[in-house]
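Coordinate inspection notes
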Amino acid sequence: MSSFNVLLKKEWRENLRTYKLYWIPLVFIIFGVIEPLTNYYLPEIMKSIGNLPEGAEFTWPQFQGEDIFVSLMGQYQMIGILIVILAFMGTISGERKNGTATLLYVRPMSFSHYFLSKWIVINTIVLGSVWLGFFASWYYIRILYNSVAAGEVFAFLGTYSLWLVFAVTVILAFSAWISTGGTAGISILLLLVFQIIDGLIGTYWTVSPWKLSAYAPSAFTGSVDQSDYWLSVGLTVALIILLVLFGIRMSKQNAAKTLV
Amino acid sequence: MSELENIPWNLILPILVLQMILMVVALVDVIRHQRTNGPFIMWIFIILLGNLVGSILYFIFGRRQD
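These remarks concern the structure in this document. (Residues numbered from 1 in each chain as written. Chains lettered and ligands numbered in written order. Predicted model: local features only at pLDDT ≥ 70, side-chain atom pairs only at ≥ 80, totals over all residues.)

For the rest of this paragraph, the subject is the environment of Val-121 of chain A. Residue and element names in this part refer to chain A. Following the sequence through the fold, Val-121 ends up in helix 7 (residues 111–144). C-beta crowding within 10 Å serves as the criterion here: with 22 such atoms nearby, Val-121 is assigned to the buried category. Sequence-wise, Val-121 and Leu-8 are 113 residues apart; in three dimensions their C-alpha atoms are separated by 7.0 Å. Beyond its immediate stretch of four places on either side in the chain, Val-121 contacts Leu-8, Glu-11, Trp-12 and Asn-15. (Helix = DSSP H or I, 4+ residues; strand = E, 2+ residues; numbered from the N terminus. Buried ≥ 20, exposed ≤ 12 C-beta atoms within 10 Å, placed from the backbone. Contact = placed C-beta atoms within 7 Å.)

Spelled out as structure tokens, the structure:
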């Protein structure tokens, strides 16, 4: 296991030196703080800069704290996932190109350790950032709206975290298989475009990883078919395991493609 | 002046501080790293003027990974 620890340390240090460990959490926290604030002050913002005609009257929707969590998740689903894709698309393919891989592959190391060390560190960064963002948002929601039960928030975060682990696994597995550009394209297709497709025509099926973000808000309302929910969770976990195995296989197979 | 006093500073201030930290991290990185896609003076201006978006753009596109 000592080689695994070394690889973990190497990943951690790399993310520290490329500043990913600083800026990704910061960005997610900033989004988490802005979301409740803009929603709360929306009527006033629109009054001062919205260019509304004289005497226009709008009834603004009355948001509850739970709604802000869901709208922040919507924000993370688009901008957040895009940032994660762009930040980590070159994790393995980039290493093959810039020569780090040459230094690694000549040593006796197992490729499952290599892939899993990346998987663990990146998941830690992404989940940590998103959780910090939601906690920052939670603090503001308590001040501006109502307090939301902690059990519901953690159930919501748990479901959403599984989707994030799935997203990170997709990015890493494709990064092990194809070039950085291809990874970005396929990840955007799989994680962002499919999500829109699922939202548009997803009423025809009830079990898919993309449904997890739709099921997560049910932690607040409790209005979802339990069997559909658990089947989606099971399917996602199975897909994550398959993608990890695929990624390990591909990083081994593509080791020959390393530029020296 | 009363306009300024009406702003809930205790709510807004954390965002400003966080954005400032992000900007400082980006600037420290540009100045120490100096290897960017395109002239690094341009990236300094993007970070300074672009606020949150500028810093994110720098970290994603401006920073050369090799």
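Side chains three or four residues apart in an α-helix point the same way, a direct result of the helix having 3.6 residues per turn. Residue and element names in this part refer to chain A. The terminal C-alpha atoms of helix 1 (residues 2–17), which comprises 16 residues, lie 23 Å apart, in line with the 22 Å expected from a rise of 1.5 Å per residue. Buried within helix 1 we find Leu-7, Glu-11 and Asn-15. All buried residues of helix 1 fall inside an arc of 70° around its axis, so they share one side. Seen from the open side of helix 1, the exposed residues pointing more than 90 degrees away from its buried face are Ser-2, Asn-5, Lys-9, Arg-13, Leu-16 and Arg-17. The inward-facing, buried residues of helix 1 abut helix 2 (20–40) and helix 7. At the exit of helix 1 stands Tyr-19, carrying a positive phi of roughly 65°. (Expected span 1.5 Å × (residues − 1). Arc of directions from axis to C-beta.)

All names here are of chain A. With respect to the secondary-structure elements, Phe-88 resides in helix 4 (residues 65–88). The class of Phe-88 is buried, set by 25 C-beta atoms lying within 10 Å. Separated by 87 residues in sequence, Phe-88 and Ser-175 place their C-alpha atoms 8.6 Å apart. In contact with Phe-88, not counting residues within four places along its chain, are Ile-122 and Ile-171.

Grouped together as the largest cluster of nonpolar side chains are 70 residues, with contacts concentrated most on Val-27, Ala-167 and Ile-171 of chain A. In terms of residue count, helix 8 (residues 150–177) of chain A provides more of this core than any other element does, 15 residues in total. In contact with Val-27 of chain A, not counting residues within four places along its chain, are Ile-83 of chain A together with Leu-22 and Ile-56 of chain B. (Core = buried A, V, L, I, M, F, W, Y, C linked by C-beta atoms within 7 Å.)

Let us now look at the interface of chain A and chain B. Facing 16 residues of chain A, the contacting portion of chain B comprises 16 residues. Those elements that provide at least two residues to the side of chain A that touches chain B are helix 2, helix 4 and helix 5 (93–98) of chain A. Per-element tally for the side of chain A that touches chain B: the top contributor is helix 2 of chain A, with 9 residues. Of the residues in the side of chain A that touches chain B, the class split is 13 nonpolar, 3 polar and no charged. (Nonpolar A, V, L, I, M, F, W, Y, C, P; charged D, E, K, R; others polar.)

So, on to unusual backbone geometry. Phi at Tyr-19 of chain A is positive, roughly 65°, even though this residue is not glycine. Topologically, Tyr-19 of chain A is positioned in the loop between helix 1 and helix 2. Within the chain, Asn-51 of chain B stands out as a residue other than glycine whose phi angle is a positive 55°.

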